[in-house]
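These are the residues of each chain, in order.
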Amino acid sequence: MILVTKTEIQDIQETLIKLIETFPELPPQVKKDGIFLEQLKPKNVSMCLSTIVNPRKSSIYVDNSYTSKYQFRLLLQTMDVTNQERIDSQAIFSKIGEWFFGRVLVKPDGTSYSLENFPELKNKRRFLNIWMSAFPKLVQRLPPNIEITEAKFVAEYYVQNDF
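Nothing here was measured: the structure is a model prediction, and the numbers come from that model.

A. Region of interest: the pattern of salt bridges. Summed over the entire model, instances satisfying the criterion amount to eight salt bridges. The salt bridge involving arginine 125 is made with glutamate 8; its shortest N-O contact spans 3.8 Å. With arginine 125 in strand E8 (residues 125-142) and glutamate 8 in helix H1 (residues 6-20), this pair connects stretches of sequence that are 117 residues apart. Close ionic contact of lysine 122 with glutamate 14 constitutes a salt bridge, the shortest N to O distance being 3.9 Å. Separated by 108 residues along the polypeptide, lysine 122 in the loop between strand E7 (112-113) and E8 and glutamate 14 in helix H1 bring together distant segments of the chain. One network of salt bridges, in which partners are shared, links Glu8, Asp11 and Arg125.

Structure follows, in structure tokens:
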């Protein structure tokens, strides 16, 4: 398999971060600070996107266009102390996964929302699908009550190449 360019990865990362920042049910602190790349804000509620493996061209076509899969994880750092807070932290990722899938979701206040279309990428690239590849789980506890939860996702995209 052939690796994709750093410029392509950067475009995917930037677009995914902007997309996730529009998710209606992000924690207030995450809405305020935004989504970070490859790091969490120390001792604060925060979320980051992290690359799992470098994407490779998965299908190459006669015109040299191709599809690729960008595997990433989202990490959420919270200060959970109750079972319900832990469940809510993991539920955010499940809701994001359903949102990526295009499902209609309902907020606690009764209003509904869905992701109508994936955002545009640069240079004749476009998302085909984004899905959750591993369910949310608690991955780390730090004193005094910091908990880090993660979920893994895959973004499949297509790159059109002109002759």
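B. Structural context of the pairing of strand E4 (residues 56-60). Where strand E1 (residues 2-3) and E4 come together, two bridges link them in antiparallel fashion. Among the inter-strand pairings, leucine 3 is bridged to a residue of E4, identified as arginine 56. Examined bridge by bridge, E4 and strand E5 (residues 66-78) share three bridges and lie antiparallel to one another. Within E5, the residue paired with serine 59 across the bridge is threonine 67.

C. Representation of H1. For H1, which comprises 15 residues, the first-to-last C-alpha distance of 21 Å matches the rise-based estimate of 21 Å (1.5 Å per residue) to within 8%. Within H1 the residues assigned to the buried category are Glu8, Ile9, Asp11, Ile12, Gln13, Thr15, Leu16, Ile17, Leu19 and Ile20. Buried-residue contacts for H1 involve strand E2 (35-37), strand E3 (46-53), E5, helix H3 (83-100), E8 and strand E9 (146-159).

D. The arrangement of the nonpolar core in detail. Counting residues in hydrophobic clusters, the biggest one holds 34 residues, and the most contacted among them are Met47, Phe72, Ile96 and Phe100. Elements that contribute at least two residues to this core include exactly H1, E3, E5, H3, E8 and E9. With six residues, H1 is the single largest residue contributor to this core.

About the cut-offs
- Residues numbered from 1 in each chain as written.
- Predicted model: local features only at pLDDT ≥ 70, side-chain atom pairs only at ≥ 80, totals over all residues.
- Heavy atoms only, no water.
- Salt bridge = Lys/Arg side-chain N within 4 Å of Asp/Glu carboxyl O.
- Helix = DSSP H or I, 4+ residues; strand = E, 2+ residues; numbered from the N terminus.
- Pairing = 2+ DSSP bridges.
- Expected span 1.5 Å × (residues − 1).
- Buried < 20%, exposed > 50% of the residue type's maximum accessible area, 1.4 Å probe, protein only.
- Contact = heavy atoms within 4.5 Å.
- Core = buried A, V, L, I, M, F, W, Y, C linked by side-chain atoms within 4.5 Å.

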